[in-house]
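Each chain, letter by letter, is given below.
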Amino acid sequence: MLSQVYRCGFQPFNQHLLPWVKCTTVFRSHCIQPSVIRHVRSWSNIPFITVPLSRTHGKSFAHRSELKHAKRIVVKLGSAVVTRGDECGLALGRLASIVEQVSVLQNQGREMMLVTSGAVAFGKQRLRHEILLSQSVRQALHSGQNQLKEMILVTNLDFHDEQKRRNLNGTLHELLRMNIVPIVNTNDAVVPPAEPNSDLQGVNVISVKDNDSLAARLAVEMKTDLLIVLSDVEGLFDSPPGSDDAKLIDIFYPGDQQSVTFGTKSRVGMGGMEAKVKAALWALQGGTSVVIANGTHPKVSGHVITDIVEGKKVGTFFSEVKPAGPTVEQQGEMARSGGRMLATLEPEQRAEIIHHLADLLTDQRDEILLANKKDLEEAEGRLAAPLLKRLSLSTSKLNSLAIGLRQIAASSQDSVGRVLRRTRIAKNLELEQVTVPIGVLLVIFESRPDCLPQVAALAIASGNGLLLKGGKEAAHSNRILHLLTQEALSIHGVKEAVQLVNTREEVEDLCRLDKMIDLIIPRGSSQLVRDIQKAAKGIPVMGHSEGICHMYVDSEASVDKVTRLVRDSKCEYPAACNALETLLIHRDLLRTPLFDQIIDMLRVEQVKIHAGPKFASYLTFSPSEVKSLRTEYGDLELCIEVVDNVQDAIDHIHKYGSSHTDVIVTEDENTAEFFLQHVDSACVFWNASTRFSDGYRFGLGAEVGISTSRIHARGPVGLEGLLTTKWLLRGKDHVVSDFSEHGSLKYLHENLPIPQRNTN
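This brings us to the pattern of salt bridges. In the structure shown here, the tally under the stated rule is 31 salt bridges. Here E430 ties to R422 by a salt bridge, and the two come within 3.2 Å at their closest N and O atoms. With a relative accessible area of 29%, E430 lands in the partly exposed category. On the basis of relative accessibility, which here comes to 17%, the residue R422 falls in the buried class. Among the ionic pairs, R587 bridges to D644, the shortest N-O distance being 3.6 Å. Of this pair, R587 sits in the loop between β18 (580–586) and α19 (593–604) while D644 sits in the loop between β20 (637–643) and α21 (646–656), and the two are 57 residues apart along the sequence. The class of D644 is partly exposed, set by a relative accessible area of 32%. Within the structure, one salt-bridge network assembled from shared partners comprises R422, R424, E430, E432, R730 and E750.

Have a look at this one:
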């Protein structure tokens, strides 16, 4: 077997030829002709992405979000990654996916290097499978129009012999300069065993005994920005994966080794997780960032490398910079623990916390407004006018917030633990259904700092733990409002129940914390809501993606009412999700004084009108025709369309609406009731402004959002929407077998009266 391996030393460069490389006999020693090298603009169907890649090597990245700036990257493919699960061959589909990802990153202007598993990965298989691996990867990279790649085998001598090290370094730099992806491997068929305990002897020495140490040595030698180590586990756990209490470590810091218990090594290959961690820490010390992740999972392996480079929370990220505060995982655990303590408080105690928060909003008004002023100054010129209006706080807003919070406090007296149903199953066997908190809520909101105390008060009243993720444009306002919330919570020792996420967590990463979060509530743009609904995996999302609210003006509408209702619905606060976006006019009202009054009022209010297709057909000179009848403008813009009757209006709403809020204006009670019963939206009104669709105006005190989902909570979601139920069964040695056909007991299933709780 050893005779099949051809080995030669690295030779210095000349002007025309690349150096000779050590290679297996299937390739022979050869040189690459410049004529075979071609520049390629696009190899994959994934779009070309332009990112700033220049950086000075010497210090590793402090945060995941900085990984997108990595210019030079080493990807180490573990033995378990390149072989099938049954160890009877290569995982060719997985390899093809990895090759495509490497090509995508290379086409972005990055310099890529691969370190592949060696012959030892195949165990009982013959060394020729190592050759097949080299051929497979090489052929995949060679396919299409991509650049020719080279397989390079190295040993310790190539790093410790100064001349060979310079030759190796020069070879790799020249290959990268020519847009070639080198594939590097330890020549484990001929290399002697590494000296014991010689893995880490300082930053300048690491023994190349496996591909983990090789990848680390190569990364530091080549001044690489990022080393990605792919294995068959999700990353580094605090105890062996598969054990009951094992938790994935998101970020690992030097010195944390004592908190980790390492298990056995991989099913194939020479190194285990302990070897990977040692190599990663050595590379980190040498200025290279490291991520250890799973390269075998079928759901993520197709994009694991590109996800890591994009800064997504994948695997374990090694960092030398510890954050000032807790990680988001720790915050989730604190919110869970604090929420459970909050739920055990007496209703009066939860109400006292909310009353104290309401008082703080008015007592600390000047400090809140000063922080908000900083946000507004920093956002000037960067945010659109509607978003600036949402960002702004005022004395009147704070007073309204305080009033709403006191309403919540009053309604919270009979929320958690309320008995909904009592049933006597049998003698001395009674069943109760009671209300309980949902658990931990994640509320993501944009540009609206007033949302923070509202949502916090509802979470407190319902006994839920809360994670808050606000937009960076409201950072100063959110910070002081959260501090006041925690001050209020402290009066009963539950300060940690409400957490503000200030780390650089991407929303998509937060939506993956399915073991910590029970419900996600987005409050922001329709794009934000859609992104969260798409990103949330296994976590329910409550909310609406759009607020396309309609108002139908019937032929029997009152002239005096119509203009007031249209003005209030559209012009009072056009950025709100409950603002009017489409006005439906009965065709008999065209060219009538009522219609002229509506148009005149809209002109006075400087509302830009977009004509629907039918409305445009009635006009000689029409306003700009609407691009889409399914548009949420969020500004002083309005679509006007003509309908034939109430049924036509209902059909239009069902086709183009968002099931948010829809209104009929008419004096005909029968027509109004028909509309109210047949429009399938969360809120349906008769002769009332769309702007009434609001938790505060409904008397809920506040809302966490407006839900258009078809779940237990729909429309403005207040306190009741944040509760679920559990069943309590109290018996005396009851067993199911007693109720069998020949048993001694019979089911009674008697409804029992529900006790009334004292809410005074």
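Right, picking up where we left off after that structure.
Another aspect to go through is the packing of α21 against helix α22 (residues 669–678). At their nearest, the axes of α21 and α22 sit 10 Å apart, and the two run at 20 degrees to each other. Classified by the angle between their axes, α21 and α22 sit roughly parallel to one another. Note on packing geometry: the crossing formed by α21 with α22 is right-handed. Touching V646, Q647, I650, I653 and H654 of α21 are T671, F674, F675 and H678, all from α22. When the residues that make up the contact of α21 with α22 are grouped by side-chain class, the tally is five nonpolar, four polar and no charged.

With that out of the way, let us pick up the sheet that holds β18. With parallel pairing, six strands are arranged side by side in an open sheet as β19-β20-β18-β17-β21-β22. The sheet terminates laterally at β19 (608–611) and β22 (683–686), the two strands that pair on one side only. On average, each strand axis in the sheet is inclined to that of its neighbour by 20 degrees, with strand direction left out of account. The pairing of strand β21 (residues 661–665) with β22 spans four bridges and is parallel. Of the residues in β22, the one forming a bridge with V663 is F685. Contacting β17 (549–553), β18, β20 and β21, helix α18 (residues 559–571) runs over the sheet at an angle of about 155 degrees to β18.

Before going further, it helps to examine the pairing of strand β16 (residues 519–523). Extensive coverage of β16 is indicated by the burial of five of its five residues. Of the two faces of β16, both are covered, the one formed by L519, I521 and R523 as well as the one formed by I520 and P522. In the sheet, strand β13 (residues 440–445) pairs with β16 via five bridges, with the strands oriented parallel. Among the inter-strand pairings, I444 is bridged to a residue of β16, identified as P522.

The subject of this paragraph is the nonpolar core. Core analysis: the largest hydrophobic core is formed by 50 residues, its most contacted members being L342, I353, I354, I368, L466 and L468. Beyond its immediate stretch of four places on either side in the chain, L468 contacts V443, F445, L452, V455, V498, Q499, L500 and V501. If you look at the next biggest cluster of nonpolar residues, it comprises 33 residues, including L168, L176, M273 and A279.

For the rest of this paragraph, the subject is helix α17 (residues 526–535). Among the residues making up α17, those that are buried are S526, L528, V529, I532 and A535. Where α17 is buried, its residues contact β13, α16 (507–510) and β16.

This part covers unusual backbone geometry. The residue K223 is not glycine, and still its phi comes out positive at about 55 degrees. Examined against the element boundaries, K223 turns out to sit in the loop between α6 (211–221) and β7 (226–231). Under the relative-accessibility criterion, K223 is labelled exposed at 54%. Here the phi dihedral of S659 falls at roughly 65 degrees; this positive angle occurs in a residue that is not glycine. Checked against the element boundaries, S659 lands in the loop between α21 and β21.

Right, let's talk about the packing of aromatic side chains for a bit. Scanning all chains against the criterion turns up five aromatic pairs. Between F595 and F615, the aromatic rings sit 5.8 Å apart at their centres with planes inclined by 70 degrees, giving edge-to-face as the arrangement. With a gap of 20 residues between them, F595 in helix α19 and F615 in helix α20 (residues 613–617) connect regions that are remote in the sequence. With respect to burial, F595 and F615 carry one shared label: buried.

What follows is about the layout of surface pockets. Roughly 1900 Å³ of internal volume is contained in the largest pocket. What lines the largest pocket is a set of 50 residues, and nearest its centre among them are L248, K313, E329, R512 and L513. Looking at the lining of the largest pocket, the elements that each hand over two or more residues are β8 (251–252), α8 (304–309), α9 (328–344), α16 and α17. Its residues assigned to classes, the lining of the largest pocket shows 16 nonpolar, 11 polar and 23 charged.

Within the secondary structure, R64 is located in the loop between β2 (23–24) and β3 (72–77). Put simply, R64 and I251 are 187 residues apart on the chain and 9.2 Å apart in space, counted from C-alpha to C-alpha. Once residues lying within four places of it in the same chain are set aside, the contact partners of R64 are D250, G311, K312, K313, V314, G315, T316 and F317. Of the polar contacts made by the side chain of R64, one reaches the backbone oxygen of K312; its length is 3.3 Å. From its side chain, R64 meets the backbone oxygen of G315 in a polar contact 2.8 Å long.

Attention now goes to the environment of D568. Among the secondary structure elements, D568 is positioned in helix α18. According to the relative accessible area criterion, D568 is partly exposed, its value standing at 31%. Sequence spacing of D568 and A688 is 120 residues, and the spatial spacing of their C-alpha atoms is 9.5 Å. In this structure, D568 is in contact with S689 and R691, ignoring residues within four places of it in sequence.

Before going further, it helps to examine the packing of helix α10 (residues 347–363) against helix α15 (residues 475–489). One way to put it is that α10 packs onto α15 with a least axis distance of 8 Å and a crossing angle of 140 degrees. Accordingly, the angle class assigned to the pair α10 and α15 is oblique. In this structure, α10 crosses over α15, and the sense of that crossing is right-handed. Together, I353, H356, L357, L360 and L361 of α10 and L481, L484, T485, E487, A488 and L489 of α15 make up the contact between the two elements.

Conventions used here
- Residues numbered from 1 in each chain as written.
- Predicted model: local features only at pLDDT ≥ 70, side-chain atom pairs only at ≥ 80, totals over all residues.
- Heavy atoms only, no water.
- Salt bridge = Lys/Arg side-chain N within 4 Å of Asp/Glu carboxyl O.
- Buried < 20%, exposed > 50% of the residue type's maximum accessible area, 1.4 Å probe, protein only.
- Helix = DSSP H or I, 4+ residues; strand = E, 2+ residues; numbered from the N terminus.
- Axes fitted to C-alpha atoms, helices over the stretch in contact; angles between N-to-C directions.
- Parallel < 35°, antiparallel > 145°, perpendicular 65-115°, else oblique.
- Left-handed = near helix turned anticlockwise from the far one by under 90°.
- Contact = heavy atoms within 4.5 Å.
- Nonpolar A, V, L, I, M, F, W, Y, C, P; charged D, E, K, R; others polar.
- Pairing = 2+ DSSP bridges.
- Core = buried A, V, L, I, M, F, W, Y, C linked by side-chain atoms within 4.5 Å.
- Phe/Tyr/Trp six-rings, centres within 6.5 Å; stacked < 30°, edge-to-face > 60°.
- 1 Å grid on protein atoms, 1.4 Å probe; cavity = no way out; pocket = protein on both sides within 12 Å on 5 of 7 lines; lining within 4 Å.
- Points joined across faces, edges and corners; volume = space filled by probe spheres on them.
- Polar contact = N/O pair within 3.5 Å; in protein donor to acceptor, adjacent residues only side chain to side chain.

Don't take any of this as a statement about function, it's just geometry.
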